[in-house]
Amino acid sequence: LTIEGGGGVDVQGASLVATGEGTWPTQESLFVDHVTVRDSLGVGVVVRRLAAFAEGSTDLIVTGGGDDAHPWPMIVDEHALDSLPRGDYTGNAIDKILVEPQQSLREDSVMRELGVPYLVGNGNDLVVGSGDDTAPATLTIEPGVTIEFAAGSAFEVEHYTGEFMASGIVVARGTADAPITFTSAAADPQPGDASSAPTEEQPVATSPAAELARLQA
């Protein structure tokens with residue numbers, strides 16, 4: 001299936017849109033299998049309000065789209081991350097998957113290496129763990145993933161503190177050939193751009209679940 005030249009109805013110029021009800025659990029409402037989204041007026045695909053791709057989705061190609069306001073192949077919130085299908089997200093105005101956090105991540109999720117960086121934007125933080133008496137949520141980041149942060153956005157594990165058990169876990173194990181990188185989205189990164197990252201690349205060794213990850217200004 002090829003969807004070509006769409007986006008005339010959606011305000012973000014998207015050809016394919018999945019909108020959830022904004023309540024947990026995440027709604028896996030969009031199934032794709034060998035689907036190509038080409039030449040969208042704006043962003044190619046939008047998955048929002050706790051919607052997600054259905055299990056088994058695969059081989060999604062998003063290419064040739066993007067305008068000045070919405071140049072990315074895909075916009076998702078944090079709850080759709082685990083469902084993003086393998087495929088090809090290159091050839092757009094800006095080849096980055098825009099993540100617009102809406103609420104704290106409270107379900108286990110995998111951030112896959114999809115061949116393009118993730119960009120955390122809209123001024124909200126990507127927070128793992130809901131900070132209450134819910135079951136822990138684990139975010140696993142695959143080797144080779146790059147996560148960029150727009151100005152005003154940050155990465156947090158367990159935003160709230162209290163007497164409750166920890167509700168946020170991050171597993172980020174890179175390799176020598178495919179490290180995990182957290183960095184600023186600025187064209188000329190400066191210290192403090194990306195969640196107060198240090199100015200030099202360095203391994204993260206504060207947790208056994210964070211190995212061969214790089215924090216860059």
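What counts, and at which threshold
As a convention, each chain's residues are numbered from 1 in the sequence order in which they are written. At least 70 in pLDDT is required for a residue's local features to be given in this predicted model, at least 80 for side-chain atom pairs to be given and counted, and no such filter applies to totals for whole chains, interfaces and linings, which use all residues. Just so you know, side-chain values use all the structure's heavy atoms and leave hydrogens and water out. Here a helix means four or more residues in a row that DSSP labels H or I, a strand means two or more in a row labelled E, and each is numbered from the N terminus. The pairing criterion for strands is at least two bridges between them, as found by DSSP. Per residue, pLDDT captures the predictor's confidence, and it can take any value from 0 to 100. Residues count as neighbours in contact if any of their non-hydrogen atoms are within 4.5 Å of one another. Only Phe, Tyr and Trp rings are paired, with Trp represented by its six-membered ring, and only when their centres lie within 6.5 Å; those with planes under 30 degrees apart are stacked, over 60 edge-to-face, the remainder tilted. Each residue is assigned to one of three classes by its accessible area relative to the maximum for its type, calculated with a 1.4 Å probe on protein chains only: buried under 20%, partly exposed between the two thresholds, exposed over 50%. Put simply, a charge is over a ring when the Lys NZ or the Arg CZ is close to the ring centre, within 6 Å, and near the line of the ring normal, within 35 degrees. By salt bridge we mean one thing: a side-chain nitrogen of Lys or Arg within 4 Å of a carboxyl oxygen of Asp or Glu.

### Some points on unusual backbone geometry
No. 1: The amide bond that connects W24 to the next residue, P25, takes the cis arrangement and shows omega of -5°.
No. 2: With respect to the helices and strands, the residue P25 is situated in the loop between β2 (16-19) and β3 (27-30).
No. 3: Phi is positive for L50, which is not a glycine, with a value near 65°.
No. 4: For L50, the position within the fold is in the loop between β5 (45-48) and β6 (51-53).

### Some thoughts on the sheet that holds strand β7 (residues 58-63)
No. 1: Overall, parallel pairing links the four strands, which are arranged β1-β4-β7-β9 in an open sheet. Strands with a single pairing partner mark the edges of an open sheet, and in this sheet they are β1 (2-4) and β9 (87-88).
No. 2: Pairing geometry for β7 and β9, over two bridges, is parallel. Its bridge partner being in β9, I61 is matched across the sheet by D88.

### Concerning the confidence of the model for the protein
No. 1: Model confidence for the protein is summarised by a mean pLDDT of 88, while 88% of its residues fall at 70 or above.
No. 2: The low-confidence segment residues 196-208, where pLDDT is below 50, has 23 contacts with residues more than four positions distant or belonging to other chains.

### Re the packing of aromatic side chains
No. 1: A complete count under the given rule lists two aromatic pairs for this structure.
No. 2: Ring centres 6.4 Å apart and planes at 65° place the aromatic pair F149 and F155 in the edge-to-face group.
No. 3: Since its relative accessible area comes to 2%, F149 is described here as buried.
No. 4: A relative accessible area of 18% places F155 in the buried class.
No. 5: Centre to centre, the rings of F155 and F182 are 5.5 Å apart; their planes meet at 50°, and the pair counts as tilted. Linking F155 in strand β16 (residues 155-157) with F182 in strand β18 (residues 180-184), this pair joins segments that are 27 residues apart in sequence. Across this residue pair, the class does not change: F155 and F182 are buried.
No. 6: Above the ring of W24, the side-chain terminus of R106 is found at 3.7 Å from the ring centroid.

### Describing the environment of T36
No. 1: By the element assignment, T36 lies in strand β4 (residues 33-38).
No. 2: Not counting the four nearest positions on each side in its chain, T36 is found in contact with L1, T2, I3 and I61.

### So, the pairing of β7
No. 1: Both β4 and β7 contribute to a ladder of five bridges, which runs parallel. In the strand pairing of β7, V37 is matched with V62.

### Details of the side chain of Q27
No. 1: Locating Q27 in the fold gives a position in strand β3.
No. 2: Dropping the residues within four chain positions of it, Q27 is found in contact with G20, E21, G22, R49, L50, A51 and A52.

### Brief notes about the pattern of salt bridges
No. 1: One pass over the structure, following the stated rule, counts three salt bridges.
No. 2: Between R86 and E142 there is a salt bridge whose closest N-O contact spans 3.0 Å. One end of the pair, R86, is in the loop between β8 (74-76) and β9; the other, E142, is in the loop between β14 (137-141) and β15 (146-149), with 56 residues separating them in the sequence.
No. 3: You can call R86 partly exposed: its relative accessible area is 40%.

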